[in-house]
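# Secondary and tertiary structure notes
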Amino acid sequence: MKKPILKKPIFFLWCAVCVLNVFLLSSCTKIVKCNSDELKASSWVGETAGKTAVTLEFFEDNTAQLTISGDADNSCKIGGVCIADESTLLISDKSMARTISIEYRVYGKKLELSYMGGTLILEKAEPSGQQKTPDETNE
């Protein structure tokens, strides 16, 4: 009479190796930054289709500033307290008494911003040293 499969030592050894692999592999995790951390870690620059310069900067005091500038006389700055989750960036601008909600996606060194049906691609700006506060950039 043949031995049942459960009584064979090779089967138990194989099961032990599989269980050990599951425990070892499940304990190996890679820490991945969330999109909002990656978004806020850099400044972003780009241009619209009409060659208007766009910059998005983040500051240490959890504020952000979005600057859209065509020429010296024609620019717009939206800045204030910033809250970001995995796909939405909220900038609360007190001077406009309004909160702007922008959908975003980070693709390595590129950032896709979507607002009211329009899309804009920005790229990571080269690091320029320390992060400033919004007051220092307005001087």
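So, here's what we can say about the structure. Small disclaimer: the values here were computed from a predicted structure and weren't measured. (Residues numbered from 1 in each chain as written. Predicted model: local features only at pLDDT ≥ 70, side-chain atom pairs only at ≥ 80, totals over all residues. Heavy atoms only, no water.)

## Overview of the overall build of the protein chain
Counting its secondary structure elements, the protein chain contains three helices and eight strands. Moving toward the C terminus, one meets the helices and strands of the protein chain in the order α-α-β-β-β-β-β-β-β-β-α. Residues classed as buried in the protein chain amount to 23% of the 139 residues present. Across the protein chain, the fraction of contacts at a sequence separation of at least 24, relative to all contacts at a separation of at least 6, is 34%. (Helix = DSSP H or I, 4+ residues; strand = E, 2+ residues; numbered from the N terminus. Buried < 20%, exposed > 50% of the residue type's maximum accessible area, 1.4 Å probe, protein only. Contact = heavy atoms within 4.5 Å.)

## Observations regarding a nonpolar patch on the surface
The grouping of Val 81, Ile 83 and Leu 90 at the surface amounts to a nonpolar patch, some 250 Å² of accessible area in total. Judged by its relative accessible area of 31%, Leu 90 falls in the partly exposed class. (Patch = residues over 30% accessible without salt bridge, like charges linked within 9 Å, V, L, I, M, F, W, Y side chains within 5 Å. Areas by Shrake-Rupley, 256 points an atom, 1.4 Å probe, with all protein chains shown as cover. Salt bridge = Lys/Arg side-chain N within 4 Å of Asp/Glu carboxyl O.)

## Points about unusual backbone geometry
Even without glycine at this site, Lys 51 takes up a positive phi of about 65°. Inspection of the secondary structure puts Lys 51 in the loop between strand 1 (44–47) and strand 2 (53–58). A residue is classified by how much of its surface remains accessible, and Lys 51, at 60% relative accessible area, is exposed. Although it is not a glycine, Asn 62 adopts a positive phi angle of roughly 60°. Looking at the element boundaries, Asn 62 is found in the loop between strand 2 and strand 3 (63–71).

## Section: the environment of Glu 38
Structurally, Glu 38 can be placed in helix 2 (residues 35–40). Along the chain, Glu 38 and Gly 108 lie 70 residues apart, while their C-alpha atoms are 8.9 Å from each other. If near-sequence neighbours (up to four positions away) are discounted, Glu 38 is found in contact with Trp 44, Val 106, Gly 108 and Lys 124.

## Topic: the layout of surface pockets
Put simply, the second largest pocket is a space of about 280 Å³. Put simply, the parts of the chain that give the lining of the second largest pocket at least two residues each are strand 3, strand 6 (98–107), strand 7 (110–115) and strand 8 (118–124). Looking at the lining of the second largest pocket, its residues break down into ten nonpolar, four polar and no charged. (1 Å grid on protein atoms, 1.4 Å probe; cavity = no way out; pocket = protein on both sides within 12 Å on 5 of 7 lines; lining within 4 Å. Points joined across faces, edges and corners; volume = space filled by probe spheres on them. Nonpolar A, V, L, I, M, F, W, Y, C, P; charged D, E, K, R; others polar.)

## Section: the sheet that holds strand 8
Hydrogen bonds between backbone atoms are what pair the strands of a sheet, whose relative direction is either parallel or antiparallel. The eight strands lie next to each other as 1-2-3-4-5-6-7-8, forming a closed barrel whose pairing is antiparallel. Pairwise comparison of adjacent strand axes, ignoring direction, gives a mean angle of 30° for this sheet. Bridge analysis of strand 7 against strand 8 gives six bridges, and the strand direction is antiparallel. For Glu 112, the partnering residue across the bridge sits in strand 8 and is Ile 121. (Pairing = 2+ DSSP bridges. Axes fitted to C-alpha atoms, helices over the stretch in contact; angles between N-to-C directions.)

Note that every value here comes from positions in space, so none of it alone points to a role or purpose.
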